[in-house]
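A structural walkthrough
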Amino acid sequence: MTLEDAKKKLAEYGQEQLLFYYDELDEEAKKALLLQIQNTDMEVVRQVANKESLNQKGKIAPLAAMELDEIAANKGSFEKTGLDAIRAGKVAAVLLAGGMGTRLGSDAPKGTFDIGVSRHLYIFECLFKNLMDVTNKAGNFIHLFVMTSEKNHEQTVAFMNEKKFFGYDPSHVHFFKQEMAPATDYNGKIYLEAKDRLATSPNGNGGWFISLKKAGLLDLVHKEGIEWLNIFAVDNVLQRIADPLFVGATIERGCAVGSKVVKKAAPDEKVGVICLEDGKPSIVEYYELTDELMNAKDDKGNPAYNFGVILNYLFNVPALEKLADGLPLHIVEKKIPYIDKDGNFVKPEKPNGYKFENLVLDMIHKMDSCLPFEVEREKEFAPIKNPTGVDSVESARELLKKNGVEL
């Protein structure tokens, strides 16, 4: 992109401020800035003007989960169907691993965090072991797509290579970077985070499919005949990945997406809840649950919205391809570091603008059918978000020990 091309694009979107320091830059920095301007989708910033009308919830109703007793009664059939699909190469997994371990006191990728006590035990290691429990049973590796970010890509790839993928077949592991979205002030003006760089942030947990597609990996999905993608987050060290029971149940019930869920520990637990929205599957976030919804009962007298999602989903690939480019945009108020007009770097102490995200819940809401699939909390839900307390390194260690993992 030439300087004139950049000026033309920025004028179209009212973002001329991004060239404020251009004349101060050396040639390499100028090229980098022009390239970023060329590659940045600025259409999203136009949504700031009508952000109040975005993402309004429709009518919420309960969506019954497949509970543990029903799963146990059909275990043989579900497991066979799931293992058959895995052995046929129809199932792959996608690890969302773009985050850093900042809240854990680390400046490295979150998956590289060591939670061991008497030995090294890394978050990535736990996940690979969980996946290999399944692949060993199936007798073949499955493709694993690892989504990194601009901040942690090189470190993540280097760490995986150093640890020899914890015994997993490296030819079945594929890395790709999450797409970034611009960050703006309250008027929709994109910030600079450096004189030669736009302020950006990852495009949300629903941005994984478009990021995978832009990385060219959808070609591999098609070539390998992959029909199902199991999406999971890096921070839950107990989760089962490509779980044959889950895969088999979703296939046998003819659903476009499956969602692992756990019974909520309390009505106000901070987890999203699986539900119907205007008759289609959806997720209502914990902060959107009214007292009426929180206290609602089903026909058995149990809480009607009693199953929380754990960010472990199984998506049908053909269904995904129909919606990949049509997800709603979420505008989130955040603290955004920036360069001011005097060239000073400012790290705000309170929110000063917007970030733009796509969310998994919208992918689910675009599907015609969803199977909420209950799993045992103490066997499959050990998220690591904090150093101590709830959902922490401490609590995860206790759950790992209960499940026979040596620390």
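Residues numbered from 1 in each chain as written. Predicted model: local features only at pLDDT ≥ 70, side-chain atom pairs only at ≥ 80, totals over all residues. Heavy atoms only, no water.

1. What to know about the layout of surface pockets
Here the second largest pocket is characterised by a volume of approximately 860 Å³. Those elements giving two or more residues to the lining of the second largest pocket turn out to be α2 (27-39), β5 (180-182), α7 (208-214) and β17 (353-357). The greatest single-element share of the lining of the second largest pocket, amounting to 5 residues, is contributed by α2. Here the residues of the lining of the second largest pocket sort into 12 nonpolar, 10 polar and 9 charged. (1 Å grid on protein atoms, 1.4 Å probe; cavity = no way out; pocket = protein on both sides within 12 Å on 5 of 7 lines; lining within 4 Å. Points joined across faces, edges and corners; volume = space filled by probe spheres on them. Helix = DSSP H or I, 4+ residues; strand = E, 2+ residues; numbered from the N terminus. Nonpolar A, V, L, I, M, F, W, Y, C, P; charged D, E, K, R; others polar.)

2. So, the pattern of salt bridges
For the coordinates displayed, the defined rule picks out 26 salt bridges. For the salt bridge of K80 with D84, the shortest nitrogen-to-oxygen distance reads 2.8 Å. Of this pair, K80 and D84 are both found in helix α4 (residues 75-87), 4 residues apart, which corresponds to roughly one turn of the helix. You can call K80 exposed: its relative accessible area is 52%. K110 is paired through a salt bridge with D235; the nearest N and O atoms lie 3.8 Å apart. Separated by 125 residues along the polypeptide, K110 in the loop between β2 (91-96) and α5 (123-138) and D235 in the loop between β9 (228-233) and α9 (244-252) bring together distant segments of the chain. For K110, a relative accessible area of 12% puts it in the buried group. Where salt bridges share partners, they join R240, D243, K260 and E380 into one cluster. (Salt bridge = Lys/Arg side-chain N within 4 Å of Asp/Glu carboxyl O. Buried < 20%, exposed > 50% of the residue type's maximum accessible area, 1.4 Å probe, protein only.)

3. With respect to α4
If you check α4, its first and last C-alpha atoms are 18 Å apart, about what 13 residues at 1.5 Å a residue would give, namely 18 Å. Those residues of α4 that fall on the buried side of the exposure criterion are F78, E79, G82, L83, A85 and I86. Projected down its long axis, α4 carries its buried residues within an arc of 160°, all on one side. Turned more than 90 degrees away from the buried face of α4 sit G76 and K80, all of them exposed. Summarising the contacts, the buried residues of α4 are in contact with α3 (68-73), β2, α5 and α9. Positive backbone phi, approximately 75°, marks G89, located one or two places after α4. (Expected span 1.5 Å × (residues − 1). Arc of directions from axis to C-beta. Contact = heavy atoms within 4.5 Å.)

4. Details of the packing of α4 against α9
Close contact between α4 and α9 brings their axes to 7 Å; oriented N to C, the two are set at 95°. By the angle class used here, α4 and α9 are roughly perpendicular. When α4 is examined against α9, the residues K75, S77, F78, E79, T81, G82, L83, A85 and I86 are found in contact with a partner set consisting of P244, L245, V247, G248, A249, I251 and E252. Taken together, the residues of the contact of α4 with α9 break down into 9 nonpolar, 4 polar and 3 charged. (Axes fitted to C-alpha atoms, helices over the stretch in contact; angles between N-to-C directions. Parallel < 35°, antiparallel > 145°, perpendicular 65-115°, else oblique.)

5. Focus on unusual backbone geometry
Non-glycine residue F165 carries a positive phi angle of around 55°. Assignment of secondary structure puts F165 in the loop between α6 (153-162) and β4 (173-177). In this structure, D278 is a non-glycine residue whose phi angle is positive, near 55°. Here D278 is to be found in the loop between β11 (273-277) and β12 (280-284). Owing to a relative accessible area of 54%, D278 belongs among the exposed residues under this scheme.

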